[in-house]
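Next come the chains, spelled out residue by residue.
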Amino acid sequence: MRGRNSKALIFELSKPGRTAIDLPACDVPQDDIQLLIPAQLIRQEKAALPEVSQLDLMRHYNSLSERNFGVDSGFYPLGSCTMKYNPKINEDACRLPGFALIHPLQDSETVQGALQLLYNMEQYLAELAGMDAITMQPAAGAHGELTGIKLIRAYHRHRGQNRTKVIVPDSAHGTNPATAAVCGLDIVEVKSHPDGAVDLTALKAAVGSDTAAFMLTNPSTLGLFEKNITEIAQIVHDAGGLLYYDGANANAIMGLTRPGDMGFDVVHFNLHKTFSTPHGGGGPGSGPVGVKKALIPYLPSPHIVQKSGKFSLAADRPQSIGKVQSFYGNFGVIVRAYAYIRVMGPDGLTASSQDAVLNANYCLSQLKEDYYAPFERFCMHECIITSKHQKAYGIHTLDIAKRLLDYGYHPPTIYFPLIVEEAMMIEPTETESKETIDGFIAVMRRIAREAEEDASLITKAPHTTVVGRLDETAAARKPVVKWQR
C-alpha cells in the first residue's frame, strides 16, 4: 500500500500528445524494415508508453533517485557485501579516454596501457593473496567461484582422479554449493562448532578419496577468523583435495595475512567489494581468480604476457579450461580497483582492514547489551547480533530492519548466515566515521527501548516510507515487473 509520501507513477503523469523529445521521421522505407526484421517481431500497435514532457520526466526520476538508499547518501551496513564508499578518483580514472574509449578487439599494439594495467593488477593481487598467478577474466564473485572450481576439476582430471565431492561449511555463502552443483559435483555439508569455527572432527569425517575441494571463507560468514586454518588445510591436503578461498570477506585481511600463507590453493577476489567499486542490484562486478603453481596450466586462456617491454595476449596453455568471458575481464571495474590500490599503497590497504575490524568490534561491543551476541569472541570486519531479547515482546529481526527505515538507515543483512537464528549481520567498513557509527548505534538502542515500551511501533514499521510494509514473499514468488492499467 502507498504511504503518505507517495507520488504519482510516471504513467499517471501521462497526458496524450506530450513528449520529452522530438525524433526525426524514420528514413528507412517500410518495405525495407519488413525485409530486415522478421514480421513476428514488428510491433503492430503503438507502444503503451507514458507521454510526459522532458521537465516532468526529469523531475520524476530525480525524485525517485532521492528515495534510494546508497553509500553516497547514507550509512549502508550490509553485512557480507562490504558496501564501502567508492572514492571519486576511481571514477575519474576509469573515465579517462584511453581506458573508456577503447574496444576489446583492438590490436594489442594499440592498447598497451590497458594491457599493462591488467598485467600489473595481476601482480598486485598475486602478492596480496599469496598466489602464483592470477586471471582477471571472471566477471563477478560467483563467476570467479565457477572458474575456480573448474580449475580444480581440471587439475584432478589431469591427474587421473575422479573426485566428485565438494565440502562446504553450513555457514557458507549460498553461491558455494550452487557453484559446485553447476559444475556437476556433489555437495557435502559440515556443521560448525558451537564457537562458530569449522568442526575439525566433522571435517575429518567428511574428507576422503573422492574429495575435490573444501570451499571456505576466512574470516567466515559469521565474521570470525578460522584460528585452525593451517590444520584445516592439512586435513584437506592429506586427503588429496584442494582448499578454495571465497574472497567475499577479504576486506578484513588486506596486508595482515594471505590466503596462500594459510594453505589455500585457489582464491577469488571481489574487486567490487574489497577494492572499492560501487555495486549492488546485480552489478557491476569483477572476480579475478588466483592459483598456486600447480594449477597455472589450467588457467583461462588467453593470458597476458610481457616480452621486451611489450604486452600481448597469449594462448599457449594446452590444458587451459578455455575462456570464461568473451573479453578480458570487466575492465572498468578493474581500472577502479587499480586506482584504489595505487592510491592506498601497502600501508593504506593494511590500515583499511585494521579500521574495518575495529569498527565492527566497536559496533559489537556497543550493541551486545541490548541485543544478543551469539559468539563470545572478537569478530573481524563484520559482527552478528540477533533479536533474541526482543522476541519476548513479539518482535523479530525483520521488524527491527523495517523500523530502521523510519530512521533513515539501510538495514544490515538479516537472517544470514542461516545457522544463526534471527541474525543481523552488520558491516560498517573502514570508511565510516565514529560519529556515523555512533548515530546508528543510538538508533539501534532506541529501537530496543521501543520494543519494551510499544512493540506495535516496531511490528507495524515502517511508518514514514513511500510504501508501507510489503508482502516480500509474494514479491519474490509473484513479481509484477511492469505497470498495468
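Residues numbered from 1 in each chain as written. Predicted model: local features only at pLDDT ≥ 70, side-chain atom pairs only at ≥ 80, totals over all residues. Heavy atoms only, no water.

In the nomenclature of an unreviewed UniProt entry, the protein is known as Probable glycine dehydrogenase (decarboxylating) subunit 2 of Sporomusa silvacetica DSM 10669. Taken from UniProt, the Cofactor (unreviewed entry) comment for the protein reads in full: "pyridoxal 5'-phosphate". (UniProt positions renumbered as here; feature names shortened; annotations may be inferred.)

> Teacher, can you tell me more about the overall build of the protein here?
Counting secondary structure elements, the protein contains 16 helices and 12 strands. What you see for the protein is a C-alpha radius of gyration of 25 Å, in line with the 23 Å of a compact globule of 485 residues. Reported as C-alpha extents along the three principal axes, the dimensions of the protein are approximately 70 × 70 × 45 Å. Within the span of the protein, comprising 485 residues, buried residues form 48% of the whole. Partitioning the contacts of the protein with sequence separation of at least 6, the portion at a separation of at least 24 is 71%. Carbon and sulfur atoms form 54% of the exposed surface of the protein, whose accessible area is close to 24100 Å². On the protein, the mean spot of the 47 positive side-chain charges and the mean spot of the 52 negative ones are 3 Å from each other. (Helix = DSSP H or I, 4+ residues; strand = E, 2+ residues; numbered from the N terminus. Rg over C-alpha atoms; globule rule 2.2 N^0.38 Å. Buried < 20%, exposed > 50% of the residue type's maximum accessible area, 1.4 Å probe, protein only. Contact = heavy atoms within 4.5 Å. Areas by Shrake-Rupley, 256 points an atom, 1.4 Å probe, with all protein chains shown as cover. Lys, Arg positive; Asp, Glu negative; His and termini not counted. Charge placed at Lys NZ, Arg CZ, Asp CG, Glu CD.)

> How should I be thinking about the side chain of Glu91 in this particular structure?
Here Glu91 lies in helix α3 (residues 88-94). Classification of Glu91 as buried rests on a relative accessible area of 12%. Excluding residues within four positions of it along the chain, Glu91 makes contact with Asn86, Pro278 and Arg336.

> In this structure, what is going on with the packing of helix α5 (residues 112-129) against helix α12 (residues 331-367)? I would like to understand it.
Packed helices, taken two at a time, are described by the angle their axes make and the gap between the axes. The interhelical angle for the contact between α5 and α12, taken along N-to-C directions, is 50 degrees, at an axis separation of 10 Å. Here α5 lies oblique to α12, going by the angle between them. Regarding α5 and α12, the two cross each other, and that crossing is left-handed. For the pair formed by α5 and α12, the contact residues are Ala114, Leu117, Leu118, Asn120, Met121, Tyr124, Leu125 and Leu128 on the first element and Phe331, Ile334, Val335, Ala337, Tyr338, Ile341, Arg342 and Leu349 on the second. A class-by-class count of the residues in the contact of α5 with α12 yields 14 nonpolar, 1 polar and 1 charged. (Axes fitted to C-alpha atoms, helices over the stretch in contact; angles between N-to-C directions. Parallel < 35°, antiparallel > 145°, perpendicular 65-115°, else oblique. Left-handed = near helix turned anticlockwise from the far one by under 90°. Nonpolar A, V, L, I, M, F, W, Y, C, P; charged D, E, K, R; others polar.)

> I'm lost on the side chain of Gln137 in this one. Help?
Mapping Gln137 onto the fold places it in the loop between β1 (133-135) and α6 (141-158). A distance of 3.2 Å separates a polar atom in the side chain of Gln137 from the backbone oxygen of Pro302. A polar side-chain atom of Gln137 sits 3.0 Å from the main-chain amide nitrogen of Val324. Not counting residues within four places of it along the chain, the set of residues in contact with Gln137 comprises Pro300, Ser301, Pro302, Lys323, Val324, Gln325, Phe327, Tyr328 and Gly329. (Polar contact = N/O pair within 3.5 Å; in protein donor to acceptor, adjacent residues only side chain to side chain.)

> What should I look at first to understand the nonpolar core in this one?
Membership of the largest hydrophobic core comes to 58 residues, with the highest contact counts inside it found for Met121, Leu125, Met136, Phe214, Ile232, Leu271 and Phe275. Sorting the residues of this core by element identifies α3, α5, α8 (200-206), β4 (211-216), α9 (229-238), β5 (242-247), β6 (266-269) and α12 as the ones contributing at least two each. Considering every element that reaches this core, the biggest residue donor is α12, with 11 residues. Beyond its immediate sequence surroundings of up to four residues, Phe275 is in contact with Leu125, Leu128, Met254, Phe269, Asn270, Arg336, Ala337, Tyr340 and Ile341. Among the nonpolar cores identified, the runner-up in size contains 25 residues, and Tyr371, Ile395, Met424 and Ile437 belong to it. (Core = buried A, V, L, I, M, F, W, Y, C linked by side-chain atoms within 4.5 Å.)

> Please explain a nonpolar patch on the surface as it appears in this structure.
A grouping of Val28, Leu36, Ile37 and Leu41 is seen on the molecular surface, where their side chains present a nonpolar patch of about 390 Å² in accessible area. Judged by its relative accessible area of 33%, Val28 is partly exposed. (Patch = residues over 30% accessible without salt bridge, like charges linked within 9 Å, V, L, I, M, F, W, Y side chains within 5 Å. Salt bridge = Lys/Arg side-chain N within 4 Å of Asp/Glu carboxyl O.)

> Looking at this model, I keep getting lost on the pairing of strand β10 (residues 383-386). Mind explaining?
Sheet faces and side chains relate simply in a regular strand, where the side chains alternate between the two faces. Burial along β10 is two-sided: Cys383 and Ile385 and Ile384 and Thr386, pointing in opposite directions, are all buried. With 4 bridges connecting them, β10 and strand β12 (residues 423-426) associate as antiparallel partners. Following the sheet pairing, Cys383 is matched in β12 by Ile426. (Pairing = 2+ DSSP bridges.)

> I tried to follow the environment of Gln34 on my own but got confused; where do I start?
Mapped onto the elements of the fold, Gln34 is located in helix α1 (residues 30-36). Sequence separation between Gln34 and Ile296 is 262 residues, and the spatial gap between their C-alpha atoms is 52 Å.

> What is the right way to look at the packing of aromatic side chains in this model?
To describe a pair of aromatic rings, you give the distance between the ring centres and the angle between the ring planes. Per the counting criterion, the structure on display carries 10 aromatic pairs. Seen in terms of ring centroids, Tyr155 and Tyr298 are 6.3 Å apart; in terms of plane orientation they differ by 85 degrees. Their pairing is edge-to-face. One end of the pair, Tyr155, is in helix α6; the other, Tyr298, is in the loop between β7 (289-291) and β8 (303-307), and 143 residues separate them in sequence. In this pair, the class of Tyr155 matches that of Tyr298, namely buried. When the ring of Tyr245 is compared with that of Phe264, the centres are 4.9 Å apart and the planes differ by 85 degrees; the resulting orientation is edge-to-face. Here the residue Tyr245 occupies a position in strand β5, and Phe264 occupies one in the loop between α10 (259-262) and β6, the gap between them amounting to 19 residues. Of the residues examined, Phe264 reaches a relative accessible area of 1% and is grouped as buried. Among the aromatic residues, ring-to-ring pairing joins Phe75, Tyr409 and Phe440 into one connected group. Cation over ring: Lys388 sits above Tyr372, and NZ or CZ is 4.4 Å from the ring centre. (Phe/Tyr/Trp six-rings, centres within 6.5 Å; stacked < 30°, edge-to-face > 60°. Lys NZ or Arg CZ within 6 Å of the ring centre and 35° of its normal.)

> Help me out: how do you make sense of the pairing of β8 in this one?
In this structure, β8 lies alongside strand β9 (residues 310-314), joined through 5 bridges in antiparallel fashion. Residue pairing across strands places Ile304 opposite Leu313, the latter belonging to β9. As consecutive antiparallel partners, β8 and β9 are separated by 2 residues, and within that stretch Ser308 has a phi angle of approximately 55 degrees, a positive value.

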